[in-house]
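Below are the chains, spelled out letter by letter.
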Amino acid sequence: MKLQFLGATREVTGSKHLITTKKGLNILLDCGMYQGKGLETDAMNRDLGFDPAKIDYLILSHAHIDHSGLIPYIYKLGFRGTVLCTPATRDLCAIMLADAGRIQEADARQFNKKTERVGKTPIEPIYNEKDAVECMHQFISIP
């Protein structure tokens, strides 16, 4: 078995831990977003350190965004595995991830208004509300 610490190392945000079994099963424990102001954490959130399409299971410890916030992003990038969590965590994620998608979209629009004026390249949100709603089909609640 191999264990990789891909987030929340030397800090308290962005929790992601990848377990690869001897048989090649890839299990991700949490998929959290690094939190900060503006674009200071954007690159850290986009650089996952793994291929989302190769993740078989994601075990979600709880709904906080620093543990669940990148699930819509990995879904957008090809994750089609199963997210295992408690019913309460699933219910909270349905609300929080959709809200985070709306915030991502609003932040990108606001940033792009400013960059348009100076001729810089616009940014795309990490994910949008639609990605957040669609990723919820991967969730299975376990009491």
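Quick note: structure is the one above.
Everything in this summary refers to the structure shown in the same document. Small disclaimer: the values here were computed from a predicted structure and weren't measured.

### Details of the overall build of the chain
Move 1: Per the secondary structure count, the chain includes 5 helices and 6 strands.
Move 2: Mapped in sequence order, the helices and strands of the chain form the string β-β-β-α-β-α-α-β-α-α-β.
Move 3: The C-alpha radius of gyration computed for the chain amounts to 15 Å, which stays within 12% of the reference 15 Å derived for 143 residues, consistent with globular compactness.
Move 4: In terms of overall dimensions, the chain has a C-alpha envelope of 50 × 30 × 25 Å along the principal axes.
Move 5: Accessible surface, the chain as shown: approximately 8,200 Å² in total, 56% of it carbon and sulfur.
Move 6: Across the chain, 18 positive and 17 negative side-chain charges occur, with their mean positions spaced 3 Å apart.

### Quick notes on the sheet that holds strand E6 (residues 139-141)
Move 1: Read across the open sheet, the 6 strands follow the order E1-E2-E3-E4-E5-E6; overall the sheet is mixed. The strands lining the two open edges of the sheet, one partner per strand, are strand E1 (2-5) and E6. Taken over all neighbouring pairs, the strand axes of this sheet differ in orientation by 25° on average, direction set aside.
Move 2: Bridging between strand E3 (residues 26-31) and strand E4 (residues 57-59) involves 3 bridges; their strand directions are parallel. For Leu29, the partnering residue across the bridge sits in E4 and is Ile59.
Move 3: Against the sheet, helix H4 (residues 87-117) touches strand E5 (82-85) and E6, its axis set at about 145° to E6.

### Brief notes about the nonpolar core
The tendency in soluble globular proteins is for nonpolar side chains to be buried side by side.
Move 1: Ranked by internal contacts, the top residues of the largest apolar core, which has 29 residues, are Leu58, Ile71, Leu97 and Phe139.
Move 2: Those elements that provide at least two residues to this core are E3, helix H3 (71-76), E5, H4 and helix H5 (129-135).
Move 3: Residue contributions to this core peak at 4 residues, all from H3.

### Topic: the pattern of salt bridges
Move 1: Under the definition given, this model contains 4 salt bridges.
Move 2: As a salt-bridge pair, Arg102 and Asp99 come within 3.5 Å of each other at their nearest N and O atoms. One end of the pair, Arg102, and the other, Asp99, are both in helix H4, 3 residues apart, so they sit about a helical turn from each other.
Move 3: Between Lys130 and Glu134 there is a salt bridge whose closest N-O contact spans 3.0 Å. With Lys130 and Glu134 both in helix H5 and 4 residues apart, the pair spans about one turn of that helix.
Move 4: Relative accessible area serves as the criterion here: at 25%, Glu134 is assigned to the partly exposed category.
Move 5: Put simply, Asp99, Arg102 and Glu129 are held in one network by salt bridges that share partners.

### Quick look at the packing of aromatic side chains
Move 1: Counted by the stated rule, this structure contains 0 aromatic pairs.
Move 2: Here Arg80 stacks its cationic end above the ring of Tyr75, 3.8 Å away from the centre of that ring.

### Some remarks on the pairing of strand E2 (residues 16-20)
Move 1: Counting buried residues in E2 gives 4 out of 5 residues, a clear majority hidden from the surface.
Move 2: Where E2 folds back on E3, the antiparallel hairpin that results is connected by 5 residues, among which Gly24 adopts a positive phi of roughly 90°.

### With respect to the side chain of Thr41
Move 1: Structurally, the position occupied by Thr41 is in the loop between E3 and helix H1 (42-46).
Move 2: Classification of Thr41 as buried rests on a relative accessible area of 9%.
Move 3: With near-sequence residues (within four places) excluded, Thr41 lies in contact with Tyr34, Gln35 and Gly36.

Quick notes on the rules
- Per chain, the residues get numbers from 1 upward, laid out in the order the sequence is written.
- Local features in this predicted model are restricted to residues of pLDDT 70 or higher, and side-chain atom pairs are both shown and tallied only at a pLDDT of 80 or more, whereas totals for entire chains, interfaces and linings draw on every residue.
- Side-chain calculation: all heavy atoms of the structure are included, whereas hydrogens and water are not.
- Strands are runs of DSSP state E lasting at least 2 residues, helices are runs of H or I lasting at least 4, and numbering of each runs from the N terminus.
- Only C-alpha atoms enter the radius of gyration, while the globule expectation follows 2.2 Å times N to the 0.38, with N the number of residues.
- The Shrake-Rupley method, run with a 1.4 Å probe, gives the accessible areas here. Residue values count only the displayed protein chains as cover.
- Only four residue types enter the charge count: Lys and Arg as positive, Asp and Glu as negative, with His and the chain ends excluded.
- By convention, charge coordinates are those of NZ in Lys, CZ in Arg, CG in Asp, or CD in Glu.
- By the convention used here, strands pair only if DSSP detects at least 2 bridges between them.
- Working convention: axes come from line fits to C-alpha atoms, limited for helices to the stretch in contact. Angles between N-to-C directions cover 0 to 180 degrees.
- Every residue pair with non-hydrogen atoms within 4.5 Å of one another is taken to be in contact.
- Side-chain atoms within 4.5 Å are what join buried Ala, Val, Leu, Ile, Met, Phe, Trp, Tyr and Cys residues into a set we call a nonpolar core.
- Burial classes follow relative accessibility: with a 1.4 Å probe on protein chains only, a residue under 20% of its type's maximum area counts as buried, one over 50% as exposed, and anything between as partly exposed.
- Note on definitions: salt bridges are taken to be side-chain nitrogens of Lys or Arg within 4 Å of carboxyl oxygens of Asp or Glu.
- Note on aromatic contacts: the rings of Phe and Tyr and the six-membered ring of Trp form a pair at centre separations within 6.5 Å, being stacked when their planes are under 30 degrees apart, edge-to-face when over 60 apart, and tilted otherwise.
- Criterion for a charge above a ring: Arg CZ or Lys NZ at most 6 Å from the ring centre, at most 35 degrees from the ring normal.

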